[in-house]
Amino acid sequence: MTVHLEVAEGVGTLRLDRPPMNALDVATQDRLKELAEEAGRRDDVRAVVVYGGEKVFAAGADIKEMQAMDHTAMVLRARALQDAFTAVARIPKPVVAAVTGYALGGGCELALCADYRIAGENAKLGQPEILLGLIPGAGGTQRLSRLIGPSRAKDLIFTGRMVKADEALTLGLVDRVVPAADVYTEAHAWAAKLAQGPAIALRAAKESIDTGLETDIDTGLAVERNWFAGLFATEDRERGMKSFVEEGPGKAKFL
């Protein structure tokens, strides 16, 4: 298998495993979708790390496989390609990308599907599809522009250039830069902390933010309002407020 789901301490790690560069061929895309959906369903997975290994996150699509595909074949495949990445973006739990080495093309698009991105000092990110006479096809034109703004996204997509970790941090493409050897440890720690939190409230926060970014503010406010009121029916809300009143802020345990 080219993607694995490993679970420990409430954290599920979606690990890409297609040496040497984790090229995202059709089989890997389909497996990624399958395991992302499984991570979303499993009660023992409360947060997720997406990781490509110590040397590379994912260097992009399998170009040799794509070269053999004609227009008809890609018409039939393009939706499945996007659906695989959307499955990661829609995991109803906190998701962090642990980025080492290259995250290019589909690899960068996969990182964009996470809620938070921790990159190693050796990371290089970009959308080089234009250099192949293409555009990003797994969500890059949409998620990148929403994350860093349209003009910055156009610069990266129009030129196809790679950015190193420090520039990616300045652009807002990644959220933290750490030594390459510490990337997975830091990402797992981020996920493990959130895995101890109130699962339904975290889901509500993620859905409210993501929906608001995709629609008008009135609709976003309605989603927020409904989730906010609905959380008053949860045991976690009772536990959190009781702890606050009796012990002070930040001491509630939700497991």
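Residue numbers restart at each chain and count upward from 1, following the sequence in its written direction. Given that this is a predicted model, residues contribute local features only at a pLDDT of at least 70 and side-chain atom pairs are listed and counted only at 80 or more, while totals for whole chains, interfaces and linings are drawn from all residues. By convention in this description, side-chain values take in all heavy atoms of the structure and omit both hydrogens and water.

Peer 1: Looking at this model, I keep getting lost on the layout of surface pockets. Mind explaining?
Peer 2: Here the idea is plain: a probe the size of a water molecule rolls over the atoms and shows the empty space left. One number sums up the size of the largest pocket: a volume of about 930 Å³. In this text, helices come from DSSP runs of H or I with a minimum length of four residues, and strands from runs of E with a minimum of two, each type numbered from the N-terminal end. Residue assignment for the lining of the largest pocket shows that the elements contributing at least two residues are helix 3 (71-89), helix 5 (140-148) and helix 9 (199-214). Here the element with the most residues in the lining of the largest pocket is helix 9; it accounts for eight residues. The nonpolar class holds Ala, Val, Leu, Ile, Met, Phe, Trp, Tyr, Cys and Pro. Asp, Glu, Lys and Arg form the charged class, and all remaining residues, Gly among them, are polar. The residue makeup of the lining of the largest pocket, split by class, is eleven nonpolar, eight polar and twelve charged. Approximately 640 Å³ is the volume found for the second largest pocket. Only protein atoms enter the 1 Å grid used here, on which a cavity is any set of points holding a 1.4 Å probe that cannot leave and a pocket is any open set flanked by protein within 12 Å on both sides along at least five of seven lines; residues with an atom within 4 Å of a point are listed as lining. Grid points are joined across faces, edges and corners, and a volume is the space filled by probe spheres set on the points.

Peer 1: Explain the packing of aromatic side chains here, please?
Peer 2: Geometry of an aromatic ring pair is reported as the spacing of the ring centres plus the angle between the planes. Working definition: a ring pair exists when centres of Phe, Tyr or Trp rings (six-membered ring for Trp) sit within 6.5 Å. Plane angles under 30 degrees give stacked, over 60 give edge-to-face, the rest tilted. The full count for this structure, using the stated rule, is three aromatic pairs. With centroids separated by 4.7 Å and ring planes inclined at 35°, the aromatic side chains of Tyr 51 and Tyr 184 adopt a geometry described as tilted. Of this pair, Tyr 51 sits in strand 3 (residues 47-51) while Tyr 184 sits in helix 8 (residues 183-195), and the two are 133 residues apart along the sequence. Each residue's exposure class comes from its accessible area (1.4 Å probe, protein chains only) as a fraction of the maximum for that residue type: buried when under 20%, exposed when over 50%, partly exposed otherwise. For Tyr 51, a relative accessible area of 9% translates into the label buried. Relative accessible area serves as the criterion here: at 25%, Tyr 184 is assigned to the partly exposed category. Look at Tyr 116 and Trp 190: their rings are 5.0 Å apart centre to centre, the planes differ by 5°, and that puts the pair in the stacked class. A residue pair is termed long-range when its members are at least 10 positions apart, and Tyr 116 in strand 6 (residues 116-120) and Trp 190 in helix 8 qualify at 74 residues.

Peer 1: So what exactly am I meant to see when it comes to the side chain of Lys 93 here?
Peer 2: Along the polypeptide, Lys 93 turns up in the loop between helix 3 and strand 4 (95-99). Side-chain polar atoms of Lys 93 contact the backbone oxygen of Ala 39, separated by 2.7 Å. Counting of polar contacts relies on pairs of N or O atoms within 3.5 Å, with two restrictions inside protein: one atom must be capable of donating a hydrogen and the other of accepting it, and residues adjacent in sequence are counted only when both atoms are side-chain atoms.

Peer 1: Sorry if this is basic, but what is going on with a nonpolar patch on the surface here?
Peer 2: Together, Met 21, Tyr 102 and Met 162 make up an exposed nonpolar region whose accessible area comes to about 250 Å². You can see Met 162 is positioned in strand 8 (residues 162-164). By definition, no residue in a patch forms a salt bridge, and every one has over 30% relative accessible area; like charges are joined within 9 Å, nonpolar side chains (Val, Leu, Ile, Met, Phe, Trp, Tyr) within 5 Å. The protein chains shown are the only cover counted for residues, whose accessible areas, like all others here, come from Shrake-Rupley with a 1.4 Å probe. Throughout this description, the term salt bridge denotes a Lys or Arg side-chain nitrogen within 4 Å of a carboxyl oxygen of Asp or Glu.

Peer 1: Can you walk me through the pairing of strand 4 in this structure?
Peer 2: For a regular strand, side chains alternate in direction, first toward one face of the sheet and then toward the other. Across the five residues of strand 4, five count as buried, placing the element largely inside the fold. Across four bridges, strand 3 lies against strand 4 in parallel orientation. Pairing of Val 50 across the sheet is with Ala 97, part of strand 4. Paired strands are those between which DSSP finds at least two bridges. Both strand 4 and strand 6 contribute to a ladder of four bridges, which runs parallel. Of the residues in strand 6, the one forming a bridge with Val 96 is Tyr 116.

Peer 1: Just checking my understanding: could you explain the sheet that holds strand 5 (residues 102-104) for this structure?
Peer 2: The strands making up a sheet are joined through hydrogen bonds of the backbone, oriented either antiparallel or parallel. With respect to topology, three strands assemble into an open sheet ordered 5-7-8, the strand pairing being mixed. Both outer strands of the open sheet, strand 5 and strand 8, are each paired with one neighbouring strand and no more. Adjacent strand axes in the sheet meet at a mean angle of 20° when their direction is disregarded. With three bridges connecting them, strand 5 and strand 7 (residues 124-126) associate as parallel partners. Directly across from Tyr 102, in strand 7, lies its bridge partner Lys 124. Only the stretch in contact is used when a helix axis is fitted, and all axes are lines through C-alpha atoms; the angle between N-to-C directions ranges over 0 to 180 degrees.

Peer 1: I would appreciate a short explanation of the state of the cysteines in the present structure.
Peer 2: Note on disulfides: each one is a pair of cysteine sulfur atoms within 2.5 Å. Evaluated as defined, the whole model comprises zero disulfides. For the unlinked cysteine Cys 108, the closest cysteine sulfur is that of Cys 113, found at 10.0 Å.

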